[in-house]
Structure formats: C-alpha cells, structure tokens
Amino acid sequence: MPQPRPLGRSGLHASPIAFGGNVFGWSADEKTSFALLDAFVDAGFNLVDTADVYPAWVPGNRGGESETIIGRWLRHSGKRDKLLIATKVAKWAERPGLSADNINAAVEDSLRRLQTDVIDLYQAHEDDESVPMEETLGAFARLIAQGKVRAIGASNFSATRLRDALQVSADYHLPRYETLQPEYNLYDRRGYEAELEPLVREQALGVISYYSLASGFLSGKYRTAGDASHSSARGAKVVAHYLNARGLRILGALDDIAASHKATPAQVALAWLIARPGISAPIVSATSVAQLQEILAAARLQLGSGDIAQLDAASAES
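Residues numbered from 1 in each chain as written. Predicted model: local features only at pLDDT ≥ 70, side-chain atom pairs only at ≥ 80, totals over all residues. Heavy atoms only, no water.

Next up on the list: the sheet that holds strand β12 (residues 283-284). Taking strand neighbours across the sheet as the criterion, the eight strands line up as β11-β10-β9-β8-β5-β4-β3-β12 in an open arrangement whose pairing is parallel. Looking at which strands have only one partner, the edges of the open sheet turn out to be β11 (206-207) and β12. In this sheet, β12 lies alongside strand β3 (residues 18-20) in parallel orientation, the contact comprising two bridges. Residue Phe19 lies in a different strand from β12, and its bridge partner there is Val284. (Pairing = 2+ DSSP bridges. Helix = DSSP H or I, 4+ residues; strand = E, 2+ residues; numbered from the N terminus.)

Encoded structure:
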C-alpha cells in the first residue's frame, strides 16, 4: 500500500497519486469510470479530485457530470469511507466566483451530485479578487462548522494572493487553505518553484499538482509534430509548448532512467514529482484500467539521487 502523505495541517492524509476526475463524463463513460474508481481504491489509493465545472467543455454537457458519476459510484460501491473527495468552486459559469452566496449554493449542489454529506477538500478553483478574502474564508469556515466540508484548498492562486489569504486566516481566526493545486511537472517548473514552492514549504501546505505529465508529453508518446497531430487539442499544445530542444532533452533523460528501472517515462516523470519536497499527490488521469495500473506503479518507483540529478539537469532552463 502507498504511504499516505499529509494534506497540510488538515489531519487528512492522501495516497501519493490523486486521480483526476475531469475524464468522468468525457473520455470515460459511466461504466468505465466505475471500473477506474474501483481499481484506484482497490490498489490502496484514496484521493479523487474533481470540480463542479467538470466536464462542461464537452458538447452536450453543462457541467456537474463528473461529480454526478462519482456520486453514483459511491452509492453503488459503498466505498465512501475509502475515498477522499476533493472538488472545487468558482470556475463554472452557473456558479461563478467566491462570494459567500455562491459558495453556499455551489456546495449544496456538489453535495447533492456527489451523494455525500461531506466534502473532504473543498477548493477555490481560481482566485476572485472581486470578493474580500474574509468573506470567502468566512463562508468556508461556516461550511466546516456545519460539517459539510472538512478542509479547504486553493487552486491557481499566485504566491502573493495565497500569502495574503493565509494572513487573513490568521488575522481573523478563520480556517486556512491547507492545500495548493498548481500546474507543475518536469517541464513546467519555473512558475511553481520560483515563488509558490518556498511559500508552501514555509507554511506546510500540501500540494496537489495538475498537468503532472504535461498534457501527455512526458509519457513519451509525442515526439514529433506527426505524433501530436493524432490528438488535436492536446497535440496543438504539445507542438507549441513542449516539442523543442529542451523538451526532447527531458524525454531523453526519461528514456534513460526508465530503461535502467524497467519502467516507463510516465512512471519516471511521476516518481520525480512524488520525490519532490512538499508534493502531496500529483494528479493523473486515465481512461482504461490498464493505463491506470501502469500509472499507479509510479508510487512504488524509487529514484536515486543520480536519477533526480539527471532529470533536474535535463529540465534546467538555459
């Protein structure tokens, strides 16, 4: 079983890989989603991350489908006690922003869709500078007091705004954000490491990173523009952002280390994240049980100091 890691000072502990629920109701239908959730929990992992807005971008969807599928699985499986549910508020057009009124309405909707009495980790999906932080944090405090939420987290906050929020929590004796959800992976390092990483380590926050495999690039499946052309939306991002000399240098290091460990590049890229101080659980998604099982094996992969040094050197920005 993977060793659990603390989510800040919340008292909650998560397995070292989180499942990204954005695929539920999108690239994974309900039957596949149930199989993925069963496989994830049965392998000893416990943190599923979703949002009220997931996956509203799919034609024919409106949002809320991911939470609804998770809720049906919880009712069907009876495994609520084995799972930490993390969801989010603020980004959905139907429930936008971080006002107290919106948070109060959104949490009731999420609880109903999830078919649960409590959300383990309720996250501000993005910052909302139009609302005073004490109003937002006060709303979250009341939800915790009511037993509807166990802990709160922030996603897509700048270091300055996160530090301000933590100070407001201290000044007003309000619950603090215990986790941060930033974009972070072996390629996309600067944005997190420059300012956010020192802050989260200083404040002992948990980090649940997204885009952990850089839109699939770090799996090694996109090595040419031709490879990327098979996946239109992701492929365009990969070509524009990752397919360059530095990206190919990173893939070369992943290939070398994967070969020495009889692993895959994706497993090595995730193991690098898991070994990073302050990281609680990188978020990954999968659309088949076989793919998920391969990804979860990263939690057992122990990289040596030389491996990490090689990856750090390959991903260094000139």
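Next up on the list: helix α4 (residues 133-145). The end-to-end C-alpha separation of α4 is 18 Å, in line with the 18 Å expected for 13 residues at 1.5 Å each. Looking only at α4, the buried set comprises Met133, Thr136, Leu137, Gly138, Ala139, Phe140, Ala141 and Leu143. Tucked into the core, α4 has its buried residues touching β5 (84-89), α3 (100-114), β8 (119-124), β9 (149-155), α5 (159-172) and β10 (177-181). Positive phi shows up at Gly147, right after α4, with a value of about 80 degrees. (Expected span 1.5 Å × (residues − 1). Buried < 20%, exposed > 50% of the residue type's maximum accessible area, 1.4 Å probe, protein only. Contact = heavy atoms within 4.5 Å.)

Burial of nonpolar side chains together is a common tendency in soluble globular proteins. Grouped together as the largest cluster of nonpolar side chains are 90 residues, with contacts concentrated most on Tyr122, Leu162 and Tyr177. Per element, the largest residue contribution to this core is eight residues, and it comes from helix α10 (residues 265-275). In this view, Tyr177 contacts Ala124, Thr136, Leu137, Phe140, Ile152, Gly153, Ala154, Phe157, Leu162, Ala165, Leu166 and Leu205; residues no more than four positions away in its chain are not counted. In this structure, Leu7, Leu12, Leu121 and Ile283 belong to the second largest nonpolar core, which totals 12 residues. (Core = buried A, V, L, I, M, F, W, Y, C linked by side-chain atoms within 4.5 Å.)

Another point: the pattern of salt bridges. Inspection of every chain in the model, using the stated rule, returns 20 salt bridges. Among the ionic pairs, Asp127 bridges to Arg161, the shortest N-O distance being 2.5 Å. Of the two residues, Asp127 sits in the loop between β8 and α4 while Arg161 sits in helix α5, which places them 34 residues apart along the sequence. Accessibility expressed as a relative area gives 21% for Asp127, which makes it partly exposed. Its relative accessible area of 18% is what places Arg161 among the buried residues. Connected through shared salt-bridge partners, Arg189, Glu193, Glu197, Arg276 and Asp312 make up one network. (Salt bridge = Lys/Arg side-chain N within 4 Å of Asp/Glu carboxyl O.)

Below, the discussion takes up the pairing of β9. The buried fraction of β9 amounts to six of the seven residues, a majority that puts the element mostly inside the structure. Pairing of β8 with β9 involves five bridges; the strand directions are parallel. Note that in β9 the partner of Tyr122 across the bridge is Ile152. In this structure, β9 lies alongside β10, joined through four bridges in parallel fashion. Bridge pairing links Ile152 to Tyr177 in β10. Chirality of the crossover, the property in question, places the unit of β9, α5 and β10 among those that are right-handed. (Right-handed = clockwise from strand over helix to strand, strands pointing away.)

Function-wise, these values are silent; they only describe arrangement.
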